[in-house]
Amino acid sequence: MIGNSHIDPVWLWPWQEGYQEARATFWSAIHRMDEYPDFVFTCDQMVLLSWVEESDPELFARITERVAEGRWDNVGGWWVEPDCNMPMGESFARQGLYGQRYLISRFGKAATVGMNADPFGHSASLPTVLRGHGLDSYLFLRPGPHESALDDTLFRWRAPDGSEVLAYRIPFEYCSPAGSVDGQVDKALGALDRSLGDVMVLYGVGNHGGGPTIANIESIHRYDRMGSFGRLRMSSPRAYLDGVRERGAELLDRLTTWTDDLQHHAPGCYSAHSGIKAWQRRAQYALLSAERWAAVTAVHDGIPYPREDLERAWKQVLFNQFHDVLPGSAIEHAYDDARDQLGEAVSVAKRIITRAHNTIARQVDIPQDTATQPVLVFNPHPWPVSTDVELHYGSHQGAVHVVDGDGRVVVSQPTQSRAATNQTGRGALVLRAEVPALGYRLYRVRMEAEPARPAWSSGAPSALSASGTVLENDLVRVELDPATGWLRSYLDKRTGLDVLRGVDGSAHTQVCDDPTDTWGHRVVSYAWAGDSMEVARVVVRESGPLRARVRVEREWGASTLIEELLLDHDSAVLRVDVTLDWRERAHLLKLRFPTALSDPRATYQIPYAELERPVDGAEEPGQGWVDLTGTLDGRPAGLTLVTTNKHGYDVSPGAEPSIGVTAVRSPVYAWHDPRLLDGDDVYSYQDQGIQRFSYELVPHAGDRHAAAPGRRAALLGSPVRAMLESFHAGALPHTGSFASDDGGAVSITALKGSEDAADGPGGADLVVRAVETRGEPGTARLALPLVGRTIEAEFRPFQLRTFRVPADPDAPVVEVDLVERPLAGAEGDVRSGPAGPTAPEDRVADDAPPTDDHAATDALTATEAATPDGTGRPRPAEAPSADDAG
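Quantities reported herein were computed from a predicted structural model and do not represent experimental measurements. (Residues numbered from 1 in each chain as written. Predicted model: local features only at pLDDT ≥ 70, side-chain atom pairs only at ≥ 80, totals over all residues. Heavy atoms only, no water.)

## What about the pattern of salt bridges?
Next up, step 1: One pass over the full model with this rule turns up 64 salt bridges.
Next up, step 2: The shortest N-O distance in the salt bridge between arginine 432 and aspartate 570 comes to 2.8 Å. With arginine 432 in strand S15 (residues 426-435) and aspartate 570 in the loop between strand S24 (559-568) and strand S25 (574-582), this residue pair connects regions lying 138 residues apart in the sequence. Across the pair, exposure class does not vary: arginine 432 and aspartate 570 are buried alike. (Salt bridge = Lys/Arg side-chain N within 4 Å of Asp/Glu carboxyl O. Helix = DSSP H or I, 4+ residues; strand = E, 2+ residues; numbered from the N terminus. Buried < 20%, exposed > 50% of the residue type's maximum accessible area, 1.4 Å probe, protein only.)

## Focus: the environment of glutamate 563
Next up, step 1: Positionally, glutamate 563 belongs in strand S24.
Next up, step 2: On the basis of relative accessibility, which here comes to 0%, the residue glutamate 563 falls in the buried class.
Next up, step 3: With 516 residues separating them in the primary sequence, glutamate 563 and valine 47 have C-alpha atoms 41 Å apart.
Next up, step 4: Side chain to side chain, glutamate 563 and tyrosine 695 meet in a polar contact 2.6 Å long. (Polar contact = N/O pair within 3.5 Å; in protein donor to acceptor, adjacent residues only side chain to side chain.)

## Notes on the packing of helix H11 (residues 307-319) against helix H12 (residues 334-361)
Next up, step 1: For the pair H11 and H12, interaxial distance at closest approach is 8 Å and the crossing angle is 150°. Classed by the angle they form, the pair H11 and H12 counts as roughly antiparallel. For the element pair H11 and H12, the recorded crossing hand is left-handed. Every residue of H12 that contacts H11 at Asp309, Leu310, Arg312, Ala313, Gln316, Val317 and Phe319 is listed here: Gln341, Leu342, Glu344, Ala345, Val348, Arg351 and Ile352. (Axes fitted to C-alpha atoms, helices over the stretch in contact; angles between N-to-C directions. Parallel < 35°, antiparallel > 145°, perpendicular 65-115°, else oblique. Left-handed = near helix turned anticlockwise from the far one by under 90°. Contact = heavy atoms within 4.5 Å.)

## Remarks on the packing of aromatic side chains
Next up, step 1: Evaluated as defined, the whole model comprises 27 aromatic pairs.
Next up, step 2: Centroid distance phenylalanine 60 to phenylalanine 107: 5.5 Å. Interplanar angle 40°. Geometry classified as tilted. Residue phenylalanine 60 is located in helix H3 (residues 57-69), and its partner phenylalanine 107 is located in helix H4 (residues 89-107); the two are separated by 47 residues in the primary sequence. The residues phenylalanine 60 and phenylalanine 107 share a single accessibility class, namely buried.
Next up, step 3: Aromatic rings pair up to connect Trp15, Tyr19, Trp51 and Phe319 into one cluster.
Next up, step 4: In this structure, arginine 711 packs its charged tip against the face of tryptophan 383, placed 4.7 Å from the ring centre.
Next up, step 5: A cation sits over an aromatic face here: arginine 801 above phenylalanine 795, 5.7 Å from the ring centre. (Phe/Tyr/Trp six-rings, centres within 6.5 Å; stacked < 30°, edge-to-face > 60°. Lys NZ or Arg CZ within 6 Å of the ring centre and 35° of its normal.)

## Structural notes on the sheet that holds strand S37 (residues 746-753)
Next up, step 1: Within the open sheet, the four strands sit side by side as S37-S38-S41-S42. Their pairing is antiparallel. Both edges of this open sheet fall to S37 and strand S42 (814-816), since each of them pairs with a single strand only. Taken over all neighbouring pairs, the strand axes of this sheet differ in orientation by 30° on average, direction set aside.
Next up, step 2: Examined bridge by bridge, strand S38 (residues 766-772) and strand S41 (residues 800-805) share six bridges and lie antiparallel to one another. Paired with arginine 769 across the strands is threonine 802, a residue of S41.
Next up, step 3: Contacting S37 and S38, helix H10 (residues 274-301) runs over the sheet at an angle of about 60° to S37. (Pairing = 2+ DSSP bridges.)

Now the structure itself:
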């Protein structure tokens, strides 16, 4: 019998109420321990302990005593019980980074049992993260046996990378009524596998806290004496699972091995409340960028690494990934707090990024040329990018053009300014930036017309044309149906494949009545037939030389949808920027992308991996991309959809197999069936008003990895930053790189300062984490010119590895876990070598002669490393200008 109290710090109440309830519940648990020597209490969600520590030192001291005694069992090891589908992989890593380090610092020991009792589904890659946090087992409730093909109570759960935990599905419920436990035990025994022998049953008043009651405990003693359910013993998850392992191979070898997600429960949560999804993505990307730039200036310039600021900001993000906040299932006012807390996290990140960029910028040598406005473009990603940058600058009467640091002309064109005043004019243009990995590059806006015969920085612009029905360049021809405003052809001229040949564009927008509750309980699919939005206008807004831009405006009821289709002169990828003004109640909008493919297969990005799922129309959770691959006229072909801010997808069969994105749902806030809405009450509906997001269509010839969809999604969600700069002398050249993963199958997901202070510059070592992204074993080379090193290491398919890299080149590189503890018996395949000069003023230089070919390749500082891939370049929705530090 596992005594616990599941506490929702936010749900049908604000977090301030949850704060008090944690204190009240924990006092109750301490009092029960005083009264019953055999009572054991299980606690998860470390944020609750942190609240008690800061508000009630006496209670926290009592908890500390009981932890040492072994009767207060801290499990889970995460900051909160988050939604377990939608956060980025790095957010899951930070749940345990901060949760486990909190337990170690306060109680001297970390948790070893993972627990997420209440979330509505669990990503297939979670065992990777759990093992990285030192958690060898996992307790969860949902999905129940009626919601999944998995019937087992106890089983092995294996992630795509091979990591495995012992998983236990909580039978019936994680909490109980305040009285006798007989009903709880009866229903639990009816739901679990009795062949296991000993089993765990959870009890204690929960959701709004409370915990085990006197009546609970007295009834356990009573039924134990009576033998009503066999022996009843109050214990902990660790004790139970240790007992399972002690039974040895006879039990463990016959357990099912599950290699899939644990889904589905409440699929409406993948799309409920678009705002929290967008705020979360923005904050996660901002903090990952802030960590990278803070680490760069700590090591390069000796600026103290801002650990406390970043920890405070990350904890705001992690808290608002709680499984009733991020899924959109809390009361309306809870999202006022979420918006403010995530805004604080973004503000912290922006200050760190702005300081770092200015610290670097003041060191770049920018000779005076009063006919120009210098611009530095910073790339937050540890791979080179070739991307369009929208730049706002001081207004200039007349034509302008852009040159690189060597004076060569860069492809650019005017675009509409955000400013609509002549008082302090702001000009606007879009330019092609080629920026090295986790680095910067200098450009200049020259206040004169482009030369008639320019020397081009990266090649002259190629042919590009745009009309209301055709977008075309040398790579692709995209045809629009004027009646539907959507594509009826997307011909790749290089392969002759047209994955959208003759599709029905009216299916692109599907508006339908949505009678489901906020969670989408009992929903299997939202791939419902609906009304097409009516096309109001199609207009060409830009026509080159860099990009073409066609605006399609649609209407339905009181709502409008604007899609701006953008095609670059040298790209095969179509980007679409969406502005949705939604004014419908209890309706949903599904954006659908029908194809001409046969024999379709669907693959979704999940945290730290990808997963193939059935083409059956079911609503599924996803990260930044979904792929549909099949055949066209007997040849391999496919379409990848890359998105921002959206997590609810389907891939549906039929004559035109399609990818669907649930763009918006507008249920009543916190409405849980089977309650019926009262016609006399007044309700508030979600997602009323304007929201913006972007997506890309990436056609391919059967290899979804050729376009690096994970990297495209990261750049789309976290664009480069352009800042206006002044003239000054400096030791740094006009382009430089601090770290690179070489843009291959292994991708750096985090580059940050160490959580433990170090003696080196800025008080931090580098911590570098990377993951294999294609499901193929291989060798990765991670170039770190920032510290004059290159790391080479072997990666298994989807393997996640983390390295602590001292700034001192003579100190060893140490592989660590996700809590940043050295790995015992780490694999001996990590090789560290020099990566060029190590003096701070030289580390990012690209004009010094290399000592050998290997060092020059490792440093990856030459802008020429930014070679576009075969299917076109990544494109952000919009690069912030100098007045936006995000």
